[in-house]
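Close look at the chain arrangement
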Amino acid sequence: MQRDDSKPYRRSGSGLKAITDFGPIASLARKARELDALDRALRQTLPSPLREQVRFANLKDGRLVFLAPSPALAARLRLLQTQILSTARAVGTYASSVTVKVAPQPPTENVPDRSKPLSPAAASHLRAAAASTTDPELRELFLELASIAEVSDSRSDETR
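What this report covers is the structure whose coordinates are included nearby. (Residues numbered from 1 in each chain as written. Predicted model: local features only at pLDDT ≥ 70, side-chain atom pairs only at ≥ 80, totals over all residues. Heavy atoms only, no water.)

On to the pattern of salt bridges. Applying the stated criterion to the full structure yields 2 salt bridges. The shortest N-O distance in the salt bridge between Asp-36 and Arg-40 comes to 2.4 Å. Taken together, the positions of Asp-36 and Arg-40, both in helix H1 (residues 23-44) and 4 residues apart, correspond to about one turn of that helix. Taking the relative accessible area as the measure of exposure, Asp-36 reaches 38% and is therefore partly exposed. Between Asp-39 and Arg-43 there is a salt bridge, and its shortest N-O distance comes to 2.7 Å. Placement of both Asp-39 and Arg-43 in helix H1 is noted, with a separation of 4 residues, approximately one turn of the helix. Judged on exposure class, the residue Asp-39 and its partner Arg-43 are both buried. (Salt bridge = Lys/Arg side-chain N within 4 Å of Asp/Glu carboxyl O. Helix = DSSP H or I, 4+ residues; strand = E, 2+ residues; numbered from the N terminus. Buried < 20%, exposed > 50% of the residue type's maximum accessible area, 1.4 Å probe, protein only.)

Here is the structure:
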């Protein structure tokens, strides 16, 4: 069916709808909420160091699937299978087994600390570089950096 371009297009309904209201996305969002609630319920009963390090991943074909960052933690979690299955039944989830997969956590991104002050020696070198350059813009940048080092150095003196 072709649209008549002479008439303005009007959408039926009263405003925008949430993306989670649409078929496949709605079921995906519902499943994610259910798995998140099951994750919280199951991990709540685990001993403290284990609780923070393992993650519940899925419920598939009667198997509770967990992810552990190391083989040692996976083994500890497998030893708690009876407790985990009991907790699952208590919250209304049928499961007959626990599977634990070792999945190391991705390394955390190392973001450099940008708040470290420049040392007085660095400020001195910047001033010397400013004095030795003929480019006025570069000289100004070197002197500006040197002044930041001096300000941050005097602040650290105040906190001592």
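Our focus in this paragraph is the environment of Ile-148. You can see Ile-148 is positioned in helix H6 (residues 136-158). A relative accessible area of 47% places Ile-148 in the partly exposed class. Sequence-wise, Ile-148 and Leu-118 are 30 residues apart; in three dimensions their C-alpha atoms are separated by 7.7 Å.

By the secondary structure assignment, Ala-88 is in helix H4 (residues 81-90). On the basis of relative accessibility, which here comes to 0%, the residue Ala-88 falls in the buried class. Counting along the chain gives 50 residues from Ala-88 to Leu-38, while the straight-line C-alpha distance between them is 7.8 Å.

Under the relative-accessibility criterion, Arg-43 is labelled buried at 15%. Setting aside residues up to four positions removed in sequence, Arg-43 forms contacts with Arg-51, Glu-52, Val-54, Arg-55, Phe-56 and Phe-66. (Contact = heavy atoms within 4.5 Å.)

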